[in-house]
Amino acid sequence: MSRKASVTKSMILDNAFTLLREEGIEQVTARKLAAKTGCSTQPIFRLYENMDRLTGDVYNRAAAFFEAFCEENPRKSETPFLDLGMAYIHFASEEKHVFRLLFLSGFSGGKGMYELLSGTKGNVGREVARAKAAGVRGAGELFMKIWIFIHGCACMSLTGDFDLNEEETRELLHSIYQSYTEAI
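Quick caveat: nothing in here was measured; it's all calculated off a predicted structure.

Undergrad: Would you mind going over the pattern of salt bridges in detail, with residue names and values included?
TA: Applying the stated criterion to the full structure yields 12 salt bridges. Between Lys36 and Glu22 there is a salt bridge whose closest N-O contact spans 3.6 Å. You can see Lys36 sitting in helix H2 (residues 30-37) and its partner Glu22 sitting in helix H1 (residues 9-23), a full 14 residues away along the chain. Note on Lys36: relative accessible area 36%, which makes it partly exposed. In this structure, the salt-bridge partner of Glu127 is Arg130, at a minimum N-O distance of 3.0 Å. Of this pair, Glu127 and Arg130 both sit in helix H8 (residues 123-133), separated by three residues, roughly a single helical turn. What makes Arg130 partly exposed here is its relative accessible area of 26%. Taken together, the shared-partner salt bridges in this structure form one network comprising Lys76, Asp83, Glu166 and Arg170.

Rendered as structure tokens:
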């Protein structure tokens, strides 16, 4: 008689992340996760003390997923903040449930928006340095101002209220950058 395959923490986390992407973090329940994994809830609670611990691991997976998404996004512009902003807006429209967990849920996993945007590569710092190199005074302040606008665009894409195409969005972000640099 062959031994049953055991459920691993990796299997549970992979399935929980899949549920997040498909249905949202609210739907990552022990019962749904057990059904997706093909087991009872017992292995889940054997490997995770509680669902909050699992949610923390799902959040960390989501943060790494977001960082990889940003790294894979093509860099097309010499304008600071534009490519990172475009990646953020695309992420919101393509990965709605993951975006909601990371940027709208209130669950921080110990990371603020700045840390999530920066990732391990220091994306925000790199963009601020690019703006400074272009002669922008107050580049950190510029980041805060332009990011409020970018975040609004991303949130509008969640609800279907953002209907600009990529070229129009790039032009809009570039003009916002220009108007802020002229004002500073």
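The discussion continues.
Undergrad: Tell me what's going on with the nonpolar core, and back it up with residues and numbers.
TA: Judged by nonpolar contacts, the single largest core of 56 residues is most densely connected at Leu20, Leu54, Tyr88 and Leu102. Residue contacts for Leu102: discarding those within four places in its chain leaves Tyr59, Ala62, Ala63, Phe66, Phe91 and Leu116.

Undergrad: Could you give me a rundown of helix H5 (residues 82-94), with the residues and numbers involved?
TA: Taking 1.5 Å per residue as the helical rise, H5 with its 13 residues ought to reach 18 Å, and the 18 Å between its terminal C-alpha atoms agrees with that figure. Burial analysis of H5 places 11 of its 13 residues in the buried class, the great majority of the element. Those residues of H5 lying buried are Leu82, Asp83, Leu84, Gly85, Met86, Ala87, Tyr88, Ile89, His90, Phe91 and Ala92.

Undergrad: Tell me about the side chain of Ser157, and please be specific about residues and values.
TA: Tracing the chain through its elements places Ser157 in helix H9 (residues 139-159). The buried category is assigned to Ser157, whose relative accessible area is 9%. Not counting chain neighbours up to four residues away, the residues in contact with Ser157 comprise Ile89, Ala92, Ser93, Lys96 and Phe162.

Quick notes on the rules
- Residues numbered from 1 in each chain as written.
- Predicted model: local features only at pLDDT ≥ 70, side-chain atom pairs only at ≥ 80, totals over all residues.
- Heavy atoms only, no water.
- Salt bridge = Lys/Arg side-chain N within 4 Å of Asp/Glu carboxyl O.
- Helix = DSSP H or I, 4+ residues; strand = E, 2+ residues; numbered from the N terminus.
- Buried < 20%, exposed > 50% of the residue type's maximum accessible area, 1.4 Å probe, protein only.
- Core = buried A, V, L, I, M, F, W, Y, C linked by side-chain atoms within 4.5 Å.
- Contact = heavy atoms within 4.5 Å.
- Expected span 1.5 Å × (residues − 1).

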